[in-house]
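# Notes for the structure review
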Amino acid sequence: MISRGEYLYPMRRLTPPAAGLAAVVLVAACGLQPEDPAVALRQGGQATAALKTVTATVKVTKGTITFQGFKLVAATAAVRLPDASDTNYTVRDKDIQISFEVVILDGHFFFRPPLLAFSELTPAQAAQIPDLALLFDPNHGLPAVIPAGRNPQYQAADQVDGVDSHRVSATYSAEQIKGLLPQLSAQGDVQAVIWVGGSDHYIRKAVLSGKFGDNGTDSTVEVDLSGFNSAVHIASPTRTG
Amino acid sequence: MRLTAGVSRPVVLLGLAGAGLFVAATDAYVVVTLLPAMIADVGLTIDRLEQATPLISGFLAGYVVAMPLLGAYSDARGRAPVYAACMAIFAAGSLITATAGLLPGAGIVWLVTGRVLQGLGGGGLVPLTLALAADLYGGSGRTVAIGSVAGLQEAGSVFGPLYGAALATAAASLGSWRFVFLANVPLAAICAAGVLLGHRRLAPITAPHGTAIDWPSAVLLGAGLGLLVLALYPDDPANRAVGDLFVPAGAASLVLLGAYGWRQVRQLEPFIPRQLLRSAAFIGSSLANVLVGAALMVALVDVPILGRLVFNLDELDSGLLLTRLLVGVPVGALIGGVLSARIGLRVTALLGLACSALAFWQMSGWPAGELSLRLGPFRQADLALAACGLGFGVVISPLAAAVLNLARTETHGLASSLVVLARTLGMLAGLSALTAFGLHRFHQILGNPVVNDPTVRERVDHLARLVSAAFLQEYREIFAIAAVICLLAGLLALATLGPLPYRLAATANR
């Protein structure tokens with residue numbers, strides 16, 4: 001399906017005034033008025049800060065991000081803020097793909113490798129694994145970082161999972177990105193494209209591109225958020241060790 | 001359909017058709033060494049290996065369904081157009097397979113669909129190429145041509161794993177495993193175009209008649225095999241060997257396959273006399289071929305996987321490990337041909353299968369460090385694998401000859417495809433059954449160990465060692481079962497095959 005924003009592509013062949021007019025007409029036609037990009041980002045941060053539960057998926061779409069010798073492919077977390085989460089990781093070890101699960105509940109960390117039952121981790125052991133709940137930390141996570149983007153630019157009105165959203169680009173510092181996830185250790189600025197819901201203002205998607213891959217290589221990470229304030233059940237794992 | 005004598009370059013035409021068949025046959029097991037990378041790229045993890053079995057069983061099911069159908073259909077429609085259509089289906093399946101994981105929603109179902117289409121197209125090529133060989137050659141040349149085509153099919157299937165590993169390694173920067181399937185598209189186009197162009201020069205001396213695809217048979221066979229695969233699918237291998245549908249799907253499968261067999265026997269009777277179809281030699285040879293197919297599948301699939309998961313070999317090295325077995329097959333086939341003529345079919349078949357059984361028995365005791373054990377200048381594992389392949393090669397000739405002996409010369413193509421059909425059916429059933437058994441045993445052996453190492457990495461590495469040990473034990477047991485299957489097939493051959501050697505003249509005059 002072609003997203004509404006992609007209809008703007010023919011603008012490249014139009015003169016700037018005509019392109020601007022066409023953009024306004026097209027955006028108006030899809031029912032979502034253009035937003036001041038800084039306002040959109042600020043509203044996105046505020047809405048995300050107020051979340052109680054959310055499902056977050058992180059996918060590495062370009063480059064390699066390694067932790068503990070595993071190449072991260074994707075991670076999906078059901079998060080109940082402020083401190084409970086159930087995250088499934090898909091990683092590659094050489095060319096073999098495996099998955100494991102980490103549950104954080106009541107201050108305890110539980111780890112379930114493939115085929116086995118849960119065992120408990122110490123906080124130090126758990127810190128070796130990317131914690132997607134950190135994305136929602138009010139001081140260093142998306143609520144704090146997203147509004148602080150430099151050079152915000154409104155790109156288009158778009159749809160994400162059928163929801164009209166503002167697509168905004170911005171630039172973030174390496175320090176800001178590392179605050180989101182310590183495993184994203186960037187060398188230099190990171191470019192981000194962020195989709196903010198038109199009516200609910202939730203951050204629905206973010207694509208980060210920069211030199212935060214292994215050895216500072218170019219990488220791209222896609223963060224998808226859904227299930228805002230939906231019921232999340234995180235059961236206490238049965239421990240075996 | 002008989003073609004006129006004096007055809008221009010029948011060797012080239014048959015060579016092109018055979019090349020296409022060879023390419024299609026290689027794809028049956030080409031995935032064996034590529035499985036971990038393929039399933040990873042469609043989002044599956046290695047602990048759900050059972051979900052990957054349709055990548056092989058789906059191909060085999062398509063292969064087996066198409067094989068008996070298209071020979072008669074091409075009598076009416078012409079060999080070349082039907083051959084080209086099969087190649088187009090095979091190429092389309094290859095393209096779908098190659099693009100799995102690249103497009104939204106193109107996951108495991110997309111991948112399996114591609115593999116089934118590959119099998120349907122590839123399976124159709126077997127009777128078509130055999131029939132083309134019969135069209136192009138007469139007299140004793142026909143038997144040689146048919147034998148060559150059957151040999152190409154066999155060779156393609158056994159060289160597939162190495163071909164896949166070697167090509168994927170060589171094309172690492174061009175898509176790795178995807179390139180293996182993408183390469184099929186131009187190869188299929190060349191073979192199809194060559195057969196179409198070459199065939200135009202050949203005038204049929206009999207007019208096409210109204211034979212069509214036997215759809216009832218197609219439905220019976222397709223549904224029967226589909227239900228068989230479903231019955232043997234291990235939906236919860238951690239807790240049980242077979243799924244919930246084992247009994248109902250298995251019973252329905254037996255009914256449908258029985259009905260298919262009954263229809264086929266009735267249709268074959270004009271070509272092969274009823275008493276021969278019901279003869280002990282025919283039934284024994286067919287059953288032995290089914291068992292050989294199941295045991296051969298163990299070697300073709302489990303040896304490379306053992307190499308990857310237990311011996312920590314990469315794609316290419318696991319494929320190379322299998323070459324020890326593959327080298328034995330053609331050598332054994334030559335020995336089997338000579339022995340069959342000298343000491344008879346039944347003793348030759350028994351010797352071949354006993355050789356494979358002994359090799360499997362030795363393999364059932366392999367330790368984790370097997371690849372470092374030597375016997376003189378050779379690695380012990382290489383000798384066992386070569387002996388296993390040698391035995392499988394030796395048995396090809398007597399089992400095929402037992403069926404060919406029953407058929408008139410002009411139906412040798414049909415008889416040969418029956419041999420391939422029986423073996424492929426055995427491979428399909430063997431793969432499904434042994435996967436179900438193997439994965440269940442794997443979970444039983446692994447149990448519920450506790451890993452409490454200091455770091456996550458160390459815990460996963462510890463688990464990997466436990467998994468490796470469990471896989472090794474599982475494969476040892478499967479090798480022991482394969483040894484028993486080979487012995488059963490050998491005893492069956494001894495009891496049912498005729499004592500007389502295969503005599504070409506006798507069958508040619510029949």
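Note that this is a predicted model, so its numbers are computed, not measured.

### Description of the domain arrangement of chain B
For an interface, size is often stated in terms of accessible area lost upon the parts coming together. All names here are of chain B. Assigned domains within chain B: domain 1 (1-203), domain 2 (214-268) and domain 3 (273-510). Between the C-alpha centres of domain 2 and domain 3 there is a distance of 23 Å. Of the residues lining the interface, 12 residues belong to domain 2; the matching set on domain 3 comes to 11 residues. It is helix H10 (residues 215-231) that provides the largest number of residues to the side of domain 2 that touches domain 3, a total of three residues.

### Describing the packing of helix H15 (residues 345-363) of chain B against helix H18 (residues 456-496) of chain B
All names here are of chain B. Interaxial distance between H15 and H18 falls to 8 Å at its minimum, and their mutual angle equals 170°. The angle between H15 and H18 falls in the class roughly antiparallel. Across the interface between the two elements, Arg346, Ala349, Leu350, Leu353, Ala354, Ser356, Ala357, Phe360, Trp361 and Met363 of H15 pack against Phe479, Ala480, Ala482, Ala483, Cys486, Leu487, Ala489, Gly490, Ala493 and Leu494 of H18. Among the residues making up the contact of H15 with H18, the classes are represented as 17 nonpolar, two polar and one charged.

### Overview of helix H1 (residues 10-29) of chain B
Between its terminal C-alpha atoms H1 of chain B stretches 30 Å, which fits the 28 Å expected from 20 residues at 1.5 Å a residue. In terms of residue burial, H1 of chain B counts as a mostly covered element, since 16 of its 20 residues are buried.

### Some points on the nonpolar core
Residue and element names in this part refer to chain B. In this structure, Val64 and Tyr83 are the most contacted members of the largest nonpolar core, which totals 237 residues. Sort the elements by how many residues they give to this core and H18 lands first, with 18 residues. In this structure Tyr83 touches Ala17, Leu125, Leu128, Ala192 and Val195, once residues within four positions along its chain are discounted.

### Focus on the confidence of the model for chain B
When pLDDT is low, close inspection of the predicted coordinates is not appropriate. All names here are of chain B. For chain B, the mean per-residue pLDDT works out to 85, and 90% of the residues sit at or above 70. At the low end of the mean pLDDT range in chain B sits helix H19 (residues 504-508), at 41; at the high end sits H15, at 96. Overall, residues 1-7 carries pLDDT values under 50, and its contacts beyond four positions in sequence, including any with other chains, amount to 17 contacts. Here residues 502-510 is modelled with pLDDT under 50, and outside its nearest four sequence neighbours on either side it reaches 14 contacts, counting other chains as well. Interface scoring of the predicted complex returns ipTM 0.73; its pTM is 0.80.

### So, the pairing of strand S4 (residues 84-93) of chain A
All names here are of chain A. In this sheet, S4 lies alongside strand S3 (residues 70-80) in antiparallel orientation, the contact comprising nine bridges. Looking at S4, one finds that Ala74 is bridged to Thr90. Connecting S3 to the next strand, S4, in antiparallel fashion are three residues. Alignment of S4 against strand S5 (residues 96-105), held across nine bridges, turns out to be antiparallel. Bridging across to S5, Asp86 finds its partner in Val103. Counted along the chain from S4 to the antiparallel partner S5, the turn is two residues long, and its residue Lys94 has a positive phi close to 60°.

Rules and cut-offs
- Residues numbered from 1 in each chain as written.
- Chains lettered and ligands numbered in written order.
- Predicted model: local features only at pLDDT ≥ 70, side-chain atom pairs only at ≥ 80, totals over all residues.
- Domains from an automatic or database assignment.
- Contact = placed C-beta atoms within 7 Å.
- Helix = DSSP H or I, 4+ residues; strand = E, 2+ residues; numbered from the N terminus.
- Axes fitted to C-alpha atoms, helices over the stretch in contact; angles between N-to-C directions.
- Parallel < 35°, antiparallel > 145°, perpendicular 65-115°, else oblique.
- Nonpolar A, V, L, I, M, F, W, Y, C, P; charged D, E, K, R; others polar.
- Expected span 1.5 Å × (residues − 1).
- Buried ≥ 20, exposed ≤ 12 C-beta atoms within 10 Å, placed from the backbone.
- Core = buried A, V, L, I, M, F, W, Y, C linked by C-beta atoms within 7 Å.
- pLDDT = per-residue confidence, 0-100.
- Pairing = 2+ DSSP bridges.

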